[in-house]
Amino acid sequence: MRGQTFKQGAKAAVPTALGYIGIGLACGIMAAPYMDPLEMGLMSILVYAGSAQFAMIGLFAQQAPVLAIALTVFLINIRHLLLCLHASTLFRKSNLIQNIVIGSFLTDESYGVLMGEQVYTEEIAASWMMGNNFMSYTSWILGTILGTALGGLLPNPESFGLDFALVAMFIGIFSSQFTIMLRRVKIKKLFLVLGVVGLAYLILTMLLQNSLAVLFATLLGCTVGVILDDK
């Protein structure tokens, strides 16, 4: 039976783990001029957010103040609140501790794997999700540490443009999730929600910072999606 054991969850996350190792290497190489492998490992263990860590490296390069770094990471990662809120609805039978653990290690990619599994499994166990999360977590830590060690051997790692690796992975995740959504959601509703998000983002970027525009546009899109589901 699918979607039940820790081992099954870890197996489902293998493609994500391989991608994390590759992107972790890129992130580590970018970080090499500013930190050693131990520092990078601690960052990955405590922060565990690819986009935020790439942003932190850029801020380190600019010698930005700590408050600016903390605020940037907060704004980048606040989208996980939305992911966790939805994921928690799939684990109503799990206890509070299990849901906290799941939410603490949830990423865009492990959420995507969860949504893919939901197509085939009506009720997914918390143990499966923990396997999914922790396979991704360990691979990211390993990839960033190895990348920082490797980056220390390169003369000018910034010249490789490796920060685009994360954007490429997000594009891959979106394309696969869009295919899944086409099977489960009426195409008219889907494009209406995407249109609302896109239009809201364009308008909000004229009034707010880019990260806040993304957040509020996403919230508006979620609201429209919920309203359409109730009809």
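Residues numbered from 1 in each chain as written. Predicted model: local features only at pLDDT ≥ 70, side-chain atom pairs only at ≥ 80, totals over all residues. Heavy atoms only, no water.

A. Layout of the packing of helix 4 (residues 50-61) against helix 5 (residues 66-77). As a packed pair, helix 4 and helix 5 sit with axes 9 Å apart at the nearest point and diverge in direction by 160°. It follows from the interaxial angle that helix 4 and helix 5 lie roughly antiparallel. Both helix 4 and helix 5 take part in a crossing whose hand is right-handed. Touching Ser-51, Ala-52, Ala-55, Met-56, Leu-59 and Phe-60 of helix 4 are Ala-68, Ile-69, Thr-72, Val-73, Ile-76 and Asn-77, all from helix 5. Across the contact of helix 4 with helix 5, the residue classes tally to nine nonpolar, three polar and no charged. (Axes fitted to C-alpha atoms, helices over the stretch in contact; angles between N-to-C directions. Helix = DSSP H or I, 4+ residues; strand = E, 2+ residues; numbered from the N terminus. Parallel < 35°, antiparallel > 145°, perpendicular 65-115°, else oblique. Left-handed = near helix turned anticlockwise from the far one by under 90°. Contact = heavy atoms within 4.5 Å. Nonpolar A, V, L, I, M, F, W, Y, C, P; charged D, E, K, R; others polar.)

B. Spatial organisation of the packing of aromatic side chains. Enumeration according to the criterion identifies five aromatic pairs in this entry. Between Tyr-48 and Tyr-137 the ring centres are 4.8 Å apart and the planes differ by 75°, which places this aromatic pair in the edge-to-face class. Highlighted residues: Tyr-48 in the loop between helix 3 (37-46) and helix 4 and Tyr-137 in helix 9 (residues 126-151), separated in sequence by 89 residues. Residue classification places Tyr-137 among the buried positions, given a relative accessible area of 12%. Summarising the aromatic geometry, the rings of Phe-105 and Phe-134 are spaced 4.6 Å apart at their centres and angled 45° between planes, so their arrangement reads as tilted. Placement of Phe-105 in the loop between helix 7 (96-104) and helix 8 (108-118) and of Phe-134 in helix 9 is noted, with a sequence separation of 29 residues between them. For Phe-134, a relative accessible area of 25% puts it in the partly exposed group. (Phe/Tyr/Trp six-rings, centres within 6.5 Å; stacked < 30°, edge-to-face > 60°. Buried < 20%, exposed > 50% of the residue type's maximum accessible area, 1.4 Å probe, protein only.)

C. Quick peek at the environment of Met-40. Mapping Met-40 onto the fold places it in helix 3. C-alpha of Met-40 to C-alpha of Thr-144: the two residues are 104 residues apart in sequence and 6.7 Å apart in space. When sequence neighbours within four positions are dropped, the list of residues in contact with Met-40 reads Cys-27, Ala-31, Met-35, Gln-53, Thr-144 and Thr-148.

D. Structural context of helix 6 (residues 79-88). Among all positions of helix 6, only His-80, Leu-82, Leu-83 and Ala-87 are buried. Taken down its axis, helix 6 places every buried residue within 155° of arc, on the same side. Away from its buried face by more than 90 degrees, helix 6 exposes Leu-81 and Leu-85. (Arc of directions from axis to C-beta.)

E. Region of interest: the UniProt feature "transmembrane region" (unreviewed entry) in the protein chain. In the numbering adopted here, UniProt assigns the feature "transmembrane region" (unreviewed entry) to residues 12-34, 54-76, 134-154, 160-178, 190-206 and 212-228. With 83% helix and 0% strand, the stretch residues 12-34 has end C-alpha atoms that lie 34 Å from each other. Helix makes up 83% of residues 54-76 and strand 0%, with an end-to-end C-alpha separation of 11 Å. (UniProt positions renumbered as here; feature names shortened; annotations may be inferred.)

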